[in-house]
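Fold and contact review
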Amino acid sequence: MRILAVTSTLFVLHTFIQAQTVNVTVEAGKSLHAINPWLYGINAARWDESLFAGKTDEMLLTADRDAIAKIKASGVTLLKYPGGNDADHYIWNSPSNYATEMDTDEYIALCREVRTEPFITINFNEPARLAADWVHYCNIVRKYDVKLWEVGDEQWGTWAKGHSTPEDYAKKYVEFVKAMKAVDPTIKVATNLAVGSYGENWNERVLRAADGYFDMFTFTFFPISRGKENDDTLFASVLSYRKMYSELRNTVERVLGNEKTGKMLFVNVGYNSVNHSPGPFTLSLANALWTADMIGTMAELRTDIGCFWALHNQYPPGGGDFGYLSSDGTNTPRVSYYVFPLFAKYFGDEALQAHSADPLLSVYASRKRNSISLALVNKDKKKTKTADVDLSGFKPGNTAEIWLLDESRKAERMPDANIASKISFSVPPYSFMVVRLASRDSLPPPQSIALLASPSASSASTMNALWGPGSFDAQKAVDGRMDTRWRSGIRMKPEDGDDQWFQLSWRTLRRIARVRIHWGENHGIEYRLQASSDGKTWKTIHTVSDGNGGTETFDCNPVVEGRYLRIRASKGTEGGSAYAIRELEVFEQH
């Protein structure tokens, strides 16, 4: 029996008005450049007390594990520390620093746990020796191997503490670089430049005054002033970024030459929609669509590193929230949060030439080995945009994987699209869609449709008998990870029975061809595998009377149609919980 990847008819969403067709061209054979994996970065502030609420030697006890898990799940690849303008006020080894704030060791522990690259900004207003001591502590004493450093934050701005003339800044910057690289010559150090016009001819004067000491250039982009927020102005600012960034690169090339410029890293070290005092607009879907548009533009223009502002807002938020997680203790993902996993997990690593005939439908394209990914941002509030894709230099298979972010779907996996006759995708109003096309010559592994289902269970354990409190809800059995699991409720009394069930439900009827159960430390001995079209009348697919745990696979011959699938168990292994499932996989046949 041959089981194909999960597919469906062309993904079409209901809309209030007729869809508008947009011609999109993608030249898969025209590579622009490699996409730096550090593009998906974010700022982590030292004053973020929610991450490590206690002393450094108690960080494992006081860490906000929920926040850390969500940061890891978002797929961000770099964490910048210790903040924006606050970095020019922070003394990293001061004995007066609050124990509740995130210090260097806690910051590095966070980076290692969420598997991100560290990036530290030096206080420009303290002696260069203090910066060198920080490098020595990180890379010589602690062996943290922090490669990315920045001297000062937005020093071109008149509001920055320590702001001076470009020549005075450059002179002091060179002192910092010399002192820091004397400790570790392998590090990269960034100087502050600006996109846009900030007077003083800052960029050119700094470039000429400090030539020979550059590894990276940092700048920030917060396009809207507080009180002037609106969707149209925000979306238009992406074009402004494109223009200003190109002007910056042209200035660098003119002063330093093409060869030197090609060796530099360009870093958008802080970006969000509003320049200060975030209001409700920062929580809007428009803010998330702009973030997606910005990341796509930065990837296309070869911005090497991007640092969204920020993990958490400084508490309490003023009616809005810069943070992509809420700072009220719940770590509620803001809508902008969901942009990052879509890019980090499903976008490619090589930028391609792409064009949309409609300015309200942005399109970005990338390649990764044998697949092409498209990022589509529909900025039209009312109209669905049907993207008719003219793809050259690549022959896709008959299906496309789709993920969607809109008002109701938060980076949700959608049914696969059938593109056997035409490469076309319906992008709903005000949405961000990522599409991945596999090469016709490379058959991807089957996709488990359990990832598209809503899971539920008769019970779930909130206690790990060995380690204490834990989360073992039904979602953990269909999250695509083998290091998490669902556990049934703990038997509290000897007479408690083993009758339990675990269930999946889909929005539409499915053709179930194979079911695979990856049991955990406890497993079913006697159970039935059942399917239903209405959730009321059940058909038994398989009956098991001597289950052995591990991984058990069941083929359905003939294929079983149903909207519901459940494991109905009557006897499990001994222990606190009768059953534990690391992952339940379901494969469809077409």
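Residues numbered from 1 in each chain as written. Predicted model: local features only at pLDDT ≥ 70, side-chain atom pairs only at ≥ 80, totals over all residues. Heavy atoms only, no water.

**Focus: unusual backbone geometry**
- Note that the residue after W309, namely A310, is joined by a cis bond; omega there is 10°.
- Structurally, A310 is set in the loop between strand 9 (305–308) and helix 10 (339–346).
- Along the chain, N557 connects to P558 via a cis peptide bond; the corresponding omega equals 10°.
- Structurally, P558 can be placed in strand 25 (residues 551–572).
- Positioned with a positive phi, N201 is a non-glycine residue whose angle comes to about 50°.
- Here N201 is to be found in the loop between strand 6 (188–192) and helix 6 (202–209). (Helix = DSSP H or I, 4+ residues; strand = E, 2+ residues; numbered from the N terminus.)

**Quick notes on the nonpolar core**
- Core analysis: the biggest nonpolar cluster contains 112 residues, and L110, W149, M180, Y324 and F432 have the highest contact counts within it.
- Top element by residues in this core is helix 9 (residues 285–301). It accounts for 11 residues.
- Beyond its immediate stretch of four places on either side in the chain, F432 contacts L289, A292, V339, L342, F343, A375, L376, V377, W403, L404 and L405.
- Counting 30 residues, the second-largest nonpolar core is a separate cluster that includes F502, I517, C556 and Y579. (Core = buried A, V, L, I, M, F, W, Y, C linked by side-chain atoms within 4.5 Å. Buried < 20%, exposed > 50% of the residue type's maximum accessible area, 1.4 Å probe, protein only. Contact = heavy atoms within 4.5 Å.)

**With respect to helix 9**
- End to end, helix 9 covers 24 Å across 17 residues, agreeing with the expected 24 Å (1.5 Å per residue, within 8%).
- Burial of helix 9 is extensive: 16 of the 17 residues sit out of reach of the surface.
- Of the residues flanking the end of helix 9, it is R302, one or two places downstream, whose phi is positive at about 70°. (Expected span 1.5 Å × (residues − 1).)

**Considering the packing of helix 7 (residues 231–256) against helix 9**
- At their nearest, the axes of helix 7 and helix 9 sit 10 Å apart, and the two run at 15° to each other. The orientation of helix 7 with respect to helix 9, classified from their angle, is roughly parallel. Of the two possible hands of crossing, helix 7 and helix 9 adopt the one that is right-handed. Packed against helix 7, whose contacting residues are D231, L234, F235, S237, V238, Y241, R242 and Y245, the element helix 9 presents A286, N287, L289, W290, D293, M294, T297, M298, E300 and L301 at the interface.
- Residues that form the contact of helix 7 with helix 9 fall into these classes: 11 nonpolar, three polar and four charged. (Axes fitted to C-alpha atoms, helices over the stretch in contact; angles between N-to-C directions. Parallel < 35°, antiparallel > 145°, perpendicular 65-115°, else oblique. Left-handed = near helix turned anticlockwise from the far one by under 90°. Nonpolar A, V, L, I, M, F, W, Y, C, P; charged D, E, K, R; others polar.)

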